[in-house]
Every structure is written in structure tokens, then in C-alpha cells.
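Geometric and topological summary
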Amino acid sequence: MSELLRLWPDPAGPLTDRALAAQYPRAAGPWLRVNFVTSLDGAVTLDGYSEGLSSPGDKRVFHALRGLADAVLVAAGTVRHEGYGPLGTSPAQQELRAELGLPPYPTMVVVSRSLDLDPRASVFAGAPVRPVVLTCAAAPDRPDLAAAADVVAFGDQEVDLRAALAALHARGLAQVLCEGGPALLGALTAADLVDELCLTVAPLLAGAGPGRITAGPPSAPRPLPLRHILAADGQLMLRYARD
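Since the model is a prediction, treat every value here as computed from it, not as a measurement.

**Regarding the overall build of the chain**
In terms of regular secondary structure, the chain is built from eight helices and ten strands. Expected size for 243 residues packed as a compact globule is a radius of gyration near 18 Å; at 17 Å, the chain falls within 12% of this value. Principal-axis analysis of the C-alpha atoms gives the chain an extent of 50 × 45 × 35 Å. Split into buried and exposed, the 243 residues of the chain put 46% on the buried side. In the chain, the proportion of contacts linking residues at least 24 apart, taken out of those at least 6 apart, comes to 68%. Total accessible area on the chain is roughly 11,300 Å²; 58% of this is exposed by carbon and sulfur atoms. Treating the 20 positive side-chain charges of the chain as one cloud and the 25 negative ones as another, the clouds have centres 3 Å apart.

**A look at the packing of helix H2 (residues 56-68) against helix H4 (residues 91-99)**
The geometry of H2 relative to H4 is characterised by a closest axis approach of 9 Å and an angle of 35 degrees between their N-to-C directions. For the pair H2 and H4, the sense of crossing is right-handed. Each of His-63, Ala-64, Arg-66, Gly-67 and Leu-68 in H2 lies in contact with H4, whose residues at this interface are Gln-93, Leu-96 and Arg-97. Split by residue class, the contact of H2 with H4 holds three nonpolar, three polar and two charged.

**Here's the deal with unusual backbone geometry**
A cis geometry characterises the amide bond from Trp-8 onward to Pro-9, with omega recorded as -15 degrees. With respect to the element layout, Pro-9 can be found in the loop between strand E1 (5-8) and helix H1 (17-22). Omega for the bond connecting Gly-180 with Gly-181 falls within 30 degrees of zero, at 5 degrees, which places this linkage in the cis form. The backbone phi angle of Asp-10 is positive, close to 50 degrees, even though this residue is not glycine. Positive phi is not limited to glycine here, since Leu-115 has a value of about 60 degrees. Considering the arrangement of structural elements, one finds Leu-115 in the loop between strand E4 (107-111) and helix H5 (122-125). Under the relative-accessibility criterion, Leu-115 is labelled buried at 3%.

**Here's the deal with the UniProt feature "domain: Bacterial bifunctional deaminase-reductase C-terminal" (unreviewed entry) in the chain**
Within this structure's numbering, the places UniProt gives as "domain: Bacterial bifunctional deaminase-reductase C-terminal" (unreviewed entry) are residues 30-217. As a span, residues 30-217 carries 30% helix and 20% strand, and end to end its C-alpha atoms are 26 Å apart.

Conventions adopted
- Residues numbered from 1 in each chain as written.
- Predicted model: local features only at pLDDT ≥ 70, side-chain atom pairs only at ≥ 80, totals over all residues.
- Heavy atoms only, no water.
- Helix = DSSP H or I, 4+ residues; strand = E, 2+ residues; numbered from the N terminus.
- Rg over C-alpha atoms; globule rule 2.2 N^0.38 Å.
- Buried < 20%, exposed > 50% of the residue type's maximum accessible area, 1.4 Å probe, protein only.
- Contact = heavy atoms within 4.5 Å.
- Areas by Shrake-Rupley, 256 points an atom, 1.4 Å probe, with all protein chains shown as cover.
- Lys, Arg positive; Asp, Glu negative; His and termini not counted.
- Charge placed at Lys NZ, Arg CZ, Asp CG, Glu CD.
- Axes fitted to C-alpha atoms, helices over the stretch in contact; angles between N-to-C directions.
- Left-handed = near helix turned anticlockwise from the far one by under 90°.
- Nonpolar A, V, L, I, M, F, W, Y, C, P; charged D, E, K, R; others polar.
- UniProt positions renumbered as here; feature names shortened; annotations may be inferred.

Okay, here's the thing in C-alpha cells:
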């Protein structure tokens with residue numbers, strides 16, 4: 001197990017899995033948490049994938065955040081490119097989730113305007129909880145996908161993310177973890193829906209080429225105060241959140 005330390009505030013560690021989860025408290029109400037990894041010079045991928053920027057410590061944070069979420073929100077392009085599989089939780093995570101009054105597994109939620117998704121993919125076919133696909137009215141009719149997931153439309157030509165998140169909250173999925181990609185983060189930021197950003201900074205320079213963690217039209221800057229700094233494997237794990 002990779003050694004994780006809290007550098008600020010109140011230095012402590014090594015952090016057990018329970019102590020690590022405690023660094024990421026669940027909010028009292030609806031909350032959108034975003035998790036990304038980046039290089040020192042802002043790259044969101046290395047050789048085309050985020051895996052090259054990760055580390056054992058970062059993966060511990062990644063799984064801890066999933067274990068605390070009601071739903072994991074991901075853009076369809078990220079699901080396809082990164083080869084997403086079913087959302088699983090360890091027995092220890094299921095024990096913690098039970099203590100928090102949560103079901104054993106979070107719900108996978110995929111955002112797709114075009115519904116270019118394969119219902120036979122393991123992210124759907126092997127899901128322990130029926131996934132949700134958020135789309136818009138202009139999307140094609142996909143009865144095969146509707147057989148594998150709840151396909152719900154919000155908005156006409158684009159997915160209305162504010163309405164979609166409100167619908168997730170109405171389903172009891174109040175604590176939502178977004179894992180990307182950049183265009184989805186850009187849209188969520190533009191709609192002022194991001195409550196928290198968990199950012200792992202990898203100690204390397206990726207060079208020119210890869211995109212940033214956010215993409216899309218410019219939007220107004222929004223302050224997110226720093227809440228903690230963790231460290232492992234030469235990486236920094238930063239948590240920023242609204243007041």
C-alpha cells in the first residue's frame with residue numbers, strides 16, 4: 001500500500017484507507033466533486049491516456065473518492081477512450097458505505113449527446129447497479145441502450161447539465177463524483193456546478209501537445225479555496241472546495 005501523508009493542514013500520516021476517506025468528507029446536501037490528475041505543465045494525459053500520470057498513491061485517492069460517491073459522472077468519450085469497466089467497491093469500502101447509509105455500489109452516470117455507446121460494453125453489461133445515461137432530445141432512438149441503462153434526456157440540442165444533476169439528486173444521488181473528460185468539466189464549470197476539485201499533480205513535464213483538464217468556451221473564473229494537501233509517490237493531492 002502506497003504511503004500517503006497529509007502535509008497541510010495538521011501534518012499527519014501515513015494515512016490508512018479509513019483516515020484517507022476522512023480527508024474527503026461528504027457534504028450535507030447535493031455536491032459535485034471533480035477528480036483529475038495533471039502534469040506539472042498542465043497536461044491531462046501522457047501518450048494519450050491519464051494512466052501515465054497516475055501512481056499507486058493517486059489510485060488510492062481515486063478509489064477512495066469512488067467509494068464515497070453516490071454516483072460517478074463521466075463523459076461518453078472518456079468511457080470509450082479509457083475503457084471504463086463496471087464500478088466496483090472493496091469489502092472495506094462496502095463496510096464504510098454501509099456505515100454512511102449508502103448502498104454497496106455507486107451508480108455509473110454517462111453523459112452522451114450522440115448516444116454513441118455500446119450496451120454490450122462491460123461498463124453497462126457488468127454493472128452491479130443499473131447505469132444512467134444523460135442525453136438530450138436531439139439524440140437518436142437507442143432501444144438497445146435503453147435496455148441496458150436508464151436513458152433520460154435533458155435539453156434540446158445539448159445536455160442541460162443543471163437539470164440533469166437536479167434529476168440525479170431527486171433519485172437520491174446527491175454526492176456526485178465527476179471523472180471527466182475536459183469538455184464535461186468545462187461545461188460544468190461554465191454552469192457553475194462544480195463544488196469541489198480534487199487534483200493530483202504528477203512530478204513531470206509532459207511537454208507540448210496534451211490538452212488541459214478543462215476544455216470548451218471560456219467562462220468566468222470562480223474561486224475554490226484550498227482545503228488540504230496530501231503527498232505520495234512524489235505527487236501532490238490537492239483538494240479545493242467551495243465554502
